[in-house]
Amino acid sequence: MSDRQDRLVIAMAQVNPTVGDIAGNAERVRAARAEAARDGADLVVFPELVLSGYPPEDLVFRSAFLDTIQAATLTLAGETADGGPALLIGAPWRFTDPDDGRRKLGNAALLLDGGEVRAVILKFLLPNYGVFDEVRVFSRGPLPDVVAFRGASLGIMVCEDMWGPQVAGHLAREGAEILLVLNGSPFEVDKHGQRLENARPRVSETGLPLVYVNQLGGQDELVFDGESFVVDAAGALVGRLPSWGEAVVCTTWTRDPGDPARWTCADAPLVPPYNQDEAVYRALVTGLGDYVNKNGFPGVILGLSGGIDSALSAAVAVDALGPERVWCVMMPSPYTSAESLEDAEGVAQMLGIRYETVSIGPAIGAFGQMLGGLFEDRPADITEENIQSRARGVTLMALSNKFGPMVLSTGNKSEMSVGYATLYGDMCGGFSVLKDVYKTTVNRLCLWRNAHGLPSGMRGPDGPVMPARVISKPPTAELRPDQKDEDSLPPYPVLDRILNGLIEGEQGVSDLIAAGHDTETVHRVWHLLNVAEYKRRQAPPGVKITLRAFGRDRRYPITNRFVG
Ligand SMILES: Nc1ncnc2c1ncn2[C@@H]1O[C@H](COP(=O)(O)OP(=O)(O)OC[C@H]2O[C@@H]([n+]3cccc(C(=O)O)c3)[C@H](O)[C@@H]2O)[C@@H](O)[C@H]1O
Ligand SMILES: Nc1ncnc2c1ncn2[C@@H]1O[C@H](COP(=O)(O)OP(=O)(O)OP(=O)(O)O)[C@@H](O)[C@H]1O
Ligand SMILES: NC(=O)CC[C@H](N)C(=O)O
């Protein structure tokens, strides 16, 4: 092979790894390489830490984990002796720090070519904010060297390295001709815009084109949308892979005959992005589907109340898993209206899922008898309301234990923000589909799904998924006669605007009052938000879609006397 090639085929492998499944991830790398080889690829670029899965968290503290990754890397490297495409993969990698001579662990990009590990590039900027804790588990490497590859000079960066000018600037000064970025960049609303806002300055500072490869799939609370892209040397978006699907796509690069250090990408696909509601809906489908499948559950079970939250949770589950893997249970109490019974049955019929009815009346009666003596003649209050919710939780958990499906929790972000949910009641479950979805967004997603036939890749019905009344009627917990959510909470559009300011915008109470919100309401919401932290810590995980998701993202102390 000549030293200098004037044409380079770079394959972008937007794949879905599983954390800890090193053999399975290596197999996925092999399959993508075989696919790219058929299309004449010289190099296949994978996401960040594709071999371990991202983020591997404290798994990297186990030497057996690192040894297995090293062995798999060397095996993959050996396979590149066949003269086929080289691999640019991501993996945790031990290195000796040139500054102090100590052995450390880096987040590496590894170029495997000609039967060996040809280059090790270590991530320089380790993200340590929001959902990222990389300083806890990795050490930064030195600024990376440019890698000579089949006559081209590659500037290789790992994810956060692109979010500041330092690494790209260094690579350009060292003679890089194309920037390649391996990413584990989780989805949130408008994340694609943020990624482009960080890629374009790197391109304009260096004058170099940039190839961005992101991973796909769900990992606990995080979900990765893929949406890999190519920006040319002038800053134009010239390639975008589909989001929410795996893809191995070859891009052809040609050297400018007049300026040999300049490369142009000829033929990348430019797939249009989804609108915001569709992107969020797909995030929930991918996040839930991967949680259930990667953890080996046969399916899911949930309480279907005839209300909007359980209807949307069921629709997402059906679109992710198919109707045969979703089981729902109506558990009426004396307060359950005929309308709720009709609507729950309507949802189940439209989704084509198994629907059972289990009355909680006998359980409520039994608790009345068991506790009546101790309660003496105290009036009924929230205690009895919560027993209803807990009776439903016990019922679902019993069915889960007996038959195997995982229980879905259905509370939304507005409710979780203000503690409007019952511990060990409607909060019980393994995964919370709407945990990071505000109630007003729940409404929009239902309208979107009902209006959009069968979106590609979904397993649900080709048409509406719930009766229109489920979306239009006022939300109620039905724990006492004629109860409505608005008896206890501000109307959801008002509540959500305040929560959005307090949580996503980290605004103060005074900022929101100055912006025109009612003083007493803002104070009450801020108080409810603070005192509900203990509940959120006991809540199941759910898919992060916003800037500040509860869980590993927004972390407040439970014991907290600062009221602001
Ligand atoms: N800082 C803290 N650390 C640890 N535990 C703490 C705590 N503060 C209170 N607690 C404990 O938490 C418990 C109170 O919480 P919990 O028992 O959940 O009960 P609670 O929050 O009082 O009531 C549940 C609320 O959820 C509403 N809701 C809305 C929608 C649906 C449903 C439904 O169930 O379907 C319910 C319901 O209307 C009511 O407002 C007490 O045992 C208290 O001691
Ligand atoms: N009668 C019921 N049968 C089955 N499950 C129920 C019933 N009532 C409540 N649940 C479960 O408890 C969750 C809490 O719902 P609840 O109706 O109390 O308030 P919500 O937050 O408005 O939810 P939804 O919009 O689903 O009704 C429901 O989403 C559902 O999973
Ligand atoms: N894995 C990473 O380094 C991710 C950090 C980056 N800022 C992102 O979200 O895209």
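Residues numbered from 1 in each chain as written. Chains lettered and ligands numbered in written order. Predicted model: local features only at pLDDT ≥ 70, side-chain atom pairs only at ≥ 80, totals over all residues.

The name given to the protein chain in an unreviewed UniProt entry is Glutamine-dependent NAD(+) synthetase, and the organism recorded there is Roseospira navarrensis. Under Pathway (unreviewed entry), UniProt gives the following word-for-word description of the protein chain: "Cofactor biosynthesis; NAD(+) biosynthesis; NAD(+) from deamido-NAD(+) (L-Gln route): step 1/1." UniProt, in its Catalytic activity (unreviewed entry) section for the protein chain, records the words "deamido-NAD(+) + L-glutamine + ATP + H2O = L-glutamate + AMP + diphosphate + NAD(+) + H(+)". (UniProt positions renumbered as here; feature names shortened; annotations may be inferred.)

Engineer: Which parts of the structure should I look at to understand the pairing of strand β9 (residues 210–214)?
Structural biologist: Within a regular beta strand, the side chains point alternately toward one face of the sheet and then the other, so they alternate between its two faces. In terms of burial, β9 is largely enclosed, as five of its five residues are buried. Pairing analysis gives five bridges linking strand β8 (residues 178–183) to β9, with the strands arranged parallel. Residue pairing across strands places Val181 opposite Tyr212, the latter belonging to β9. Crossover handedness for the path β8 to helix α5 (residues 191–206) to β9: right-handed. Relative to strand β12 (residues 229–231), β9 is paired through three bridges, and the arrangement is antiparallel. (Buried ≥ 20, exposed ≤ 12 C-beta atoms within 10 Å, placed from the backbone. Helix = DSSP H or I, 4+ residues; strand = E, 2+ residues; numbered from the N terminus. Pairing = 2+ DSSP bridges. Right-handed = clockwise from strand over helix to strand, strands pointing away.)

Engineer: Explain the packing of helix α15 (residues 492–504) against helix α17 (residues 519–531) to me, please; I cannot follow it from the model alone.
Structural biologist: Two packed helices can be described by the angle between their axes and the distance between those axes. Between α15 and α17, the shortest axis-to-axis distance is 10 Å and the interhelical angle comes to 65 degrees. Of the two possible hands of crossing, α15 and α17 adopt the one that is right-handed. Only Thr521, Val522, Val525, Trp526 and Leu529 of α17 make contact with α15, whose side of the interface consists of Val494, Leu495, Ile498, Leu499 and Leu502. By residue class, the composition of the contact of α15 with α17 is nine nonpolar, one polar and no charged. (Axes fitted to C-alpha atoms, helices over the stretch in contact; angles between N-to-C directions. Left-handed = near helix turned anticlockwise from the far one by under 90°. Contact = placed C-beta atoms within 7 Å. Nonpolar A, V, L, I, M, F, W, Y, C, P; charged D, E, K, R; others polar.)

Engineer: I would appreciate a short explanation of the UniProt feature "domain: CN hydrolase" (unreviewed entry) in the protein chain in the present structure.
Structural biologist: UniProt tags residues 8–255 as "domain: CN hydrolase" (unreviewed entry). The straight-line gap between the two end C-alpha atoms of residues 8–255 is 8 Å; of that span, 25% is helix and 34% is strand.

Engineer: Hey, could you run me through the domain arrangement of the protein chain in this one?
Structural biologist: By convention, interface size is frequently given as the accessible area that disappears when the constituent parts associate. Taken domain by domain, the protein chain consists of domain 1 (7–273) and domain 2 (280–489 + 532–536). The distance between the C-alpha centroids of domain 1 and domain 2 comes to 40 Å. Between domain 1 and domain 2, the contact holds nine residues from the first and 10 residues from the second. (Domains from an automatic or database assignment.)

Engineer: Please clarify how the site of ligand 2 should be interpreted in this entry.
Structural biologist: Near ligand 2 lie 20 residues; those nearest to it are Gly303, Ser305, Gly307, Ser310 and Ala477. A class-by-class count of the residues in the shell around ligand 2 yields nine nonpolar, six polar and five charged. (Near = placed C-beta within 6 Å.)

Engineer: Mind showing me how you'd approach helix α6 (residues 276–294) here?
Structural biologist: Counting along an α-helix, one turn takes 3.6 residues, and residues three or four places apart therefore face a common direction. Under the 1.5 Å per step criterion, the end-to-end length of α6 is 26 Å for 19 residues, consistent within 8% with the ideal 27 Å. Counting buried positions along α6 yields 14 of 19 residues, so the element is predominantly enclosed. Just downstream of α6, Gly296 is the residue with a positive phi angle, here 75 degrees. (Expected span 1.5 Å × (residues − 1).)

Engineer: What is the right way to look at the UniProt feature "binding site: ATP" (unreviewed entry) in the protein chain in this model?
Structural biologist: Mapped onto this structure's residue numbering, the UniProt feature "binding site: ATP" (unreviewed entry) falls at Gly303, Leu304, Ser305, Gly306, Gly307, Ile308, Asp309, Ser310 and Thr410. Despite a sequence span of 108 residues, these residues sit close together in the fold, their greatest C-alpha distance being 12.3 Å. With respect to the helices and strands, Ile308 occurs in helix α7 (residues 308–321). By the C-beta count within 10 Å, which is 25 here, Ile308 ends up buried. In this view, Ile308 contacts Val442, Asn443, Cys446, Val470, Ile471 and Pro475; residues no more than four positions away in its chain are not counted. By the C-beta count within 10 Å, which is 26 here, Ser310 ends up buried. Among all residues touching Ser310, those that are not within four sequence positions of it are Leu302, Gly303, Leu304, Ser305 and Thr410.

Engineer: Looking at this structure, how should I read the nonpolar core?
Structural biologist: Looking at soluble globular proteins, one finds that nonpolar side chains tend to be buried together. If you look at the biggest cluster of nonpolar residues, it comprises 159 residues, and the most contacted ones within it are Ala11, Val45, Leu88 and Ala314. Looking at this core element by element, the count peaks at 10 residues for α7. Two domains each provide a minimum of three residues to this core, namely domain 1 (7–273) and domain 2 (280–489 + 532–536). Look past the residues within four positions of Ala314 in its chain and what remains in contact with it is Leu302, Leu304, Val326, Cys328, Val347, Leu351 and Ile353. (Core = buried A, V, L, I, M, F, W, Y, C linked by C-beta atoms within 7 Å.)

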